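# Tertiary structure, described
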Amino acid sequence: MPFVRIDWFPGRTLEQKREMVATLTPDIARIAKCKPETIQFIFTDVTREDWGRNGQLFCDYYEYENDPE
């Protein structure tokens, strides 16, 4: 049973999450050769203060156009 975890910055809508699950499920099922109903997703909103890359926190350095914060 595939378990897909998506960690991202807060601000995505319920509709975006629905679209992500609907879009990814068929391809994961095809590649993993499993039934779509066995695929599970969890979305985790992680604040910019709790996420770092390249020795810096996102809140201190990185800014992205699509970042809602």
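Whatever comes next refers back to the structure up there.
Quick look at the structure, then.

Calculation notes
Residues numbered from 1 in each chain as written. Predicted model: local features only at pLDDT ≥ 70, side-chain atom pairs only at ≥ 80, totals over all residues. Heavy atoms only, no water. Helix = DSSP H or I, 4+ residues; strand = E, 2+ residues; numbered from the N terminus. Phe/Tyr/Trp six-rings, centres within 6.5 Å; stacked < 30°, edge-to-face > 60°. Buried < 20%, exposed > 50% of the residue type's maximum accessible area, 1.4 Å probe, protein only. Salt bridge = Lys/Arg side-chain N within 4 Å of Asp/Glu carboxyl O. Polar contact = N/O pair within 3.5 Å; in protein donor to acceptor, adjacent residues only side chain to side chain. Contact = heavy atoms within 4.5 Å.

### Re unusual backbone geometry
One non-glycine residue with positive phi stands out, namely K33, at about 55 degrees. One can find K33 in the loop between α1 (14-32) and β2 (40-45). A positive phi is found at N54, a non-glycine position, where the angle reads about 55 degrees. Position of N54 among the secondary structure elements: in the loop between β3 (52-53) and β4 (56-57).

### Notes on the packing of aromatic side chains
Following the criterion strictly, the structure yields five aromatic pairs and no others. Measuring from ring centre to ring centre gives 5.1 Å for F9 and F58, while their planes differ by 70 degrees; the resulting arrangement is edge-to-face. Separated by 49 residues along the polypeptide, F9 in the loop between β1 (3-8) and α1 and F58 in the segment after β4 bring together distant segments of the chain. Judged by its relative accessible area of 10%, F9 is buried. For F58, a relative accessible area of 5% translates into the label buried. Members of the aromatic cluster, each reached through a chain of ring pairs, are W8, F41 and F43.

### Some thoughts on the pattern of salt bridges
Per the stated rule, a full pass over the model turns up three salt bridges. Among the ionic pairs, R5 bridges to D7, the shortest N-O distance being 2.8 Å. Assessed through its relative accessible area of 35%, D7 is described here as partly exposed. When the shortest N-O distance is used, the salt bridge between E15 and R18 registers 4.0 Å. Residue E15 and its partner R18 are located together in helix α1, separated by three residues, close to a single helical turn.

### Some thoughts on the side chain of R48
Within the secondary structure, R48 sits in the loop between β2 and β3. In this structure the side chain of R48 is engaged in a polar contact, spanning 3.0 Å, whose partner is the backbone oxygen of F58.

### So, the side chain of T25
Looking at where T25 falls in the secondary structure, it is placed in helix α1. T25 sits in the buried class, given a relative accessible area of 15%. Side-chain polar atoms of T25 contact the backbone oxygen of V21, separated by 2.6 Å. Ignoring any residue separated from it by four or fewer positions in sequence, one finds T25 in contact with P36, I39 and F41.

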